[in-house]
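# Observations on the three-dimensional arrangement
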Amino acid sequence: KGGVRSYAVGPEGEIYVALMEAPTVRVYDPDGEPLAEWSVEQKPSQIMMGRGGEVIALADEGRLVFVYSSRGKLLESWKTRLR
C-alpha cells in the first residue's frame, strides 16, 4: 500500500523506502524481500544514507531532520532554519 516518496540504498545494498501515505520507512534486501519496517515521527519528504550507515529523513519540506540507525532507532533530530 502507498506509493514511494523517496528511497536510499544502504552500504550492503539494502533499500530504504519512505512511503507517501504514511510516516513509515520500509527496508528491503537487494532482491526486494522485506527486511524491516518502522514508523517515523513525520512523513519524510526525502531520505538518504549518512556516511556511517544511518538513515536521514527530511520532513516538512526540509525544515525537520531525523537521524535513525539502520534498524530504525531515532538517534537525533533537529529543526533547520529553512523557510
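Everything here concerns the structure above.
In short, a report on the structure. (Residues numbered from 1 in each chain as written. Predicted model: local features only at pLDDT ≥ 70, side-chain atom pairs only at ≥ 80, totals over all residues. Heavy atoms only, no water.)

When you line up the elements, leucine 74 lands in strand β8 (residues 74–79). With relative accessibility at 34%, the residue leucine 74 sits in the partly exposed group. The spacing of leucine 74 and glutamate 33 is 41 residues in sequence and 24 Å in space, taken between C-alpha atoms. Not counting residues up to four positions away in its chain, the partners in contact with leucine 74 are Glu41, Phe66, Val67 and Tyr68. (Helix = DSSP H or I, 4+ residues; strand = E, 2+ residues; numbered from the N terminus. Buried < 20%, exposed > 50% of the residue type's maximum accessible area, 1.4 Å probe, protein only. Contact = heavy atoms within 4.5 Å.)

Spatial strand order, β5-β6-β7-β8: four strands in an open sheet with antiparallel pairing. On the outer flanks of this sheet lie β5 (44–49) and β8, each paired with one strand and no other. Direction aside, neighbouring strands of the sheet carry axes that sit 20 degrees apart on average. Bridging between strand β6 (residues 55–59) and strand β7 (residues 64–68) involves five bridges; their strand directions are antiparallel. Across the sheet, alanine 57 pairs through a bridge with phenylalanine 66, a residue of β7. (Pairing = 2+ DSSP bridges. Axes fitted to C-alpha atoms, helices over the stretch in contact; angles between N-to-C directions.)

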